[in-house]
Amino acid sequence: MIKRNVLLNPGPATTTDTVKEAQLVPDICPREKEFVGIMREIEEGLVKIVHGDMSVYTAVLFCGSGTINMDICLNSLLPENKKILVINNGAYSSRAVEICEYYGLPHINLRLPMDRQADLDKIEEVMRENPDIALVYTTHHETGTGLLNPIREIGALVHRYKALFVVDTTSTYAMRPIDIAKDNIDFCMASAQKGIMAMTGLSFIIGNREAIEASASYPKRSYYCNLYMQYEYFKLHGEMHFTPPVQVIYAARQALKEYFEEGEAAKWERHSRVFRAIRKGLEELGFKIYIPENIQSGLVAAALYPNDVNWNFEKIHDFCYERGFTIYPGKVENMGMFRLCALGAIDEQDIADFFEVFKAALHDSGVTLPVTY
Ligand SMILES: *Cc1c(COP(=O)(O)O)cnc(C)c1O
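Now for a description of the structure that goes with this document. (Residues numbered from 1 in each chain as written. Predicted model: local features only at pLDDT ≥ 70, side-chain atom pairs only at ≥ 80, totals over all residues. Heavy atoms only, no water.)

**Some remarks on the sheet that holds strand S14 (residues 337-341)**
Sheets are built from strands that pair by backbone hydrogen bonding, the pairs being arranged parallel or antiparallel.
No. 1: The three strands are arranged S11-S14-S13 in an open sheet whose pairing can be described as antiparallel. Bordering the open sheet on either side are strand S11 (300-304) and strand S13 (328-329), each of which pairs with just one other strand.
No. 2: Two elements, S11 and S14, share five bridges in a ladder whose sense is antiparallel. Paired with Ala-302 across the strands is Arg-339, a residue of S14.
No. 3: Along the sheet, helix H10 (residues 264-284) makes contact with S11 and S14, crossing S11 at roughly 10°. (Pairing = 2+ DSSP bridges. Helix = DSSP H or I, 4+ residues; strand = E, 2+ residues; numbered from the N terminus. Contact = heavy atoms within 4.5 Å. Axes fitted to C-alpha atoms, helices over the stretch in contact; angles between N-to-C directions.)

What follows is the structure in structure tokens.
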């Protein structure tokens, strides 16, 4: 028996015991044919989750956390003498801007308010004035706040201006339904510890084969983190170029099996009911949620710290942690917030159990209920 913790942080998520146990396998060299078969199976499953046609789209796997995908897409998919536009209304798109800065990539940082969906008119204005933009990058769900961006509409606009659309879907993939073609996405991405509810250490980019092939002639800015190199090697050999995270891949295979057993609609409904329970629980205690309901991802609730001298996030966190529940701080500068997330293999009952513990933590700290601002 493995102790079950309910993780309400924004990933890694709570996993099933069967996914944890899938890692216990006989030692194997990943260059064996048996392992190559598993890699193909995973590639297909990952493309299928976003309803991609395998003749148009592929999944390219990397060993690393989700940020590696952001790095790879930005450094690999920019032709010479062209520019990147980052639509930035949150911490994750700010990270993408930092990646552009580290590589010295020509880019425009379109900073927009963090509590509103990206404004299409503003994006169009920039596209019109900068015909050298070849790649537009944004974040589907800004995990720091819970804001959802209108990617289908942004994608349509980007394609009108003949640029590639790269979307960080790390915190929606395999949770909120995505259709890569209908949503006008050229590249999306995620890592195994989030939506598919597997282990950390495996990340993947799902994207357009033709666009990857075209990138073969683009400037090479990284050796380990180059999209075309990894794609080509996988196409030829069915393996990752360098040592894959072997046991983590077995867990991912089991997680994909469980994903398709649960089904896209049922899984999204489960995350939604977990989220509704989180929202209701917070509101009953008087907490304010940063992002308005109509532009919420439905996966992350960022609640503002109340105005109470006894409020102490660390103390409340530790009280909950000792009882098997993990809560997480916010990610907006100069604003006190904490987050409760609906990722992972959890359901409504876990949230009911959590709020019993959370209320006890608030009482223990002497916080007045309902909280006030
Ligand atoms: C989790 C996450 C990432 C990856 O973060 P890591 O710390 O590298 O795991 C990237 N983008 C978004 C939107 C995320 O939620």
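**What to know about the environment of Gly-344**
No. 1: Structurally, Gly-344 can be placed in the loop between S14 and helix H12 (348-365).
No. 2: The residues touching Gly-344, leaving out its near neighbours within four places in the chain, are Ala-13, Thr-14, Met-197, Arg-270 and His-271.

**Comments concerning the site of the ligand**
No. 1: Near the ligand, the surroundings consist of 14 residues, among which Ser-65, Thr-67, Thr-143, Asp-168 and Lys-194 are the closest.
No. 2: The side chain of Thr-67 places a nitrogen or oxygen atom 2.6 Å from an oxygen atom of the ligand.
No. 3: At a separation of 3.5 Å, an oxygen atom of the ligand approaches a polar side-chain atom of Arg-95.
No. 4: For the ligand, whose free accessible area comes to 380 Å², the fraction covered by protein is 87%.
No. 5: At the level of elements, helix H3 (67-76) and helix H4 (91-103) are the ones that each hand at least two residues to the shell around the ligand. (Near = heavy atom within 4 Å. Polar contact = N/O pair within 3.5 Å; in protein donor to acceptor, adjacent residues only side chain to side chain. Areas by Shrake-Rupley, 256 points an atom, 1.4 Å probe, with all protein chains shown as cover.)

**A word on unusual backbone geometry**
No. 1: A cis amide bond links Gly-11 to the next residue, Pro-12, at an omega of -5°.
No. 2: Cis geometry marks the peptide bond from Leu-369 to Pro-370; its omega dihedral reads -10°.
No. 3: Inspection of the secondary structure puts Pro-370 in the segment after H12.
No. 4: You will see that Lys-162, though not glycine, has its phi angle at about 60°, which is positive.
No. 5: Tracing the sequence through the fold places Lys-162 in the loop between helix H6 (151-160) and strand S8 (164-168).

**Considering the pattern of salt bridges**
No. 1: All chains considered together, the criterion is met by 22 salt bridges.
No. 2: Two residues, Lys-83 and Asp-132, come together in a salt bridge whose shortest N-O distance is 3.5 Å. Of the two residues, Lys-83 is situated in strand S3 (residues 83-88) and Asp-132 in the loop between helix H5 (120-129) and strand S5 (133-139); the sequence distance between them amounts to 49 residues.
No. 3: Owing to a relative accessible area of 24%, Asp-132 belongs among the partly exposed residues under this scheme.
No. 4: Connected via shared salt-bridge partners are Arg-40, Glu-43 and Arg-209. (Salt bridge = Lys/Arg side-chain N within 4 Å of Asp/Glu carboxyl O. Buried < 20%, exposed > 50% of the residue type's maximum accessible area, 1.4 Å probe, protein only.)

**Structural notes on the packing of aromatic side chains**
No. 1: According to the stated counting rule, one finds 19 aromatic pairs in the structure shown.
No. 2: When the ring of Tyr-173 is compared with that of Phe-204, the centres are 5.6 Å apart and the planes differ by 55°; the resulting orientation is tilted. Placement of the pair is Tyr-173 in the loop between S8 and strand S9 (187-191) and Phe-204 in strand S10 (residues 202-208), with a sequence separation of 31 residues.
No. 3: Assessed through its relative accessible area of 1%, Tyr-173 is described here as buried.
No. 4: Above the plane of the ring of Phe-260 lies Lys-48, whose end atom (NZ or CZ) is 4.5 Å from the centre.
No. 5: Positioned above the aromatic ring of Phe-319 is the side chain of Arg-323, whose terminal nitrogen or guanidinium carbon lies 3.6 Å from the ring centre. (Phe/Tyr/Trp six-rings, centres within 6.5 Å; stacked < 30°, edge-to-face > 60°. Lys NZ or Arg CZ within 6 Å of the ring centre and 35° of its normal.)

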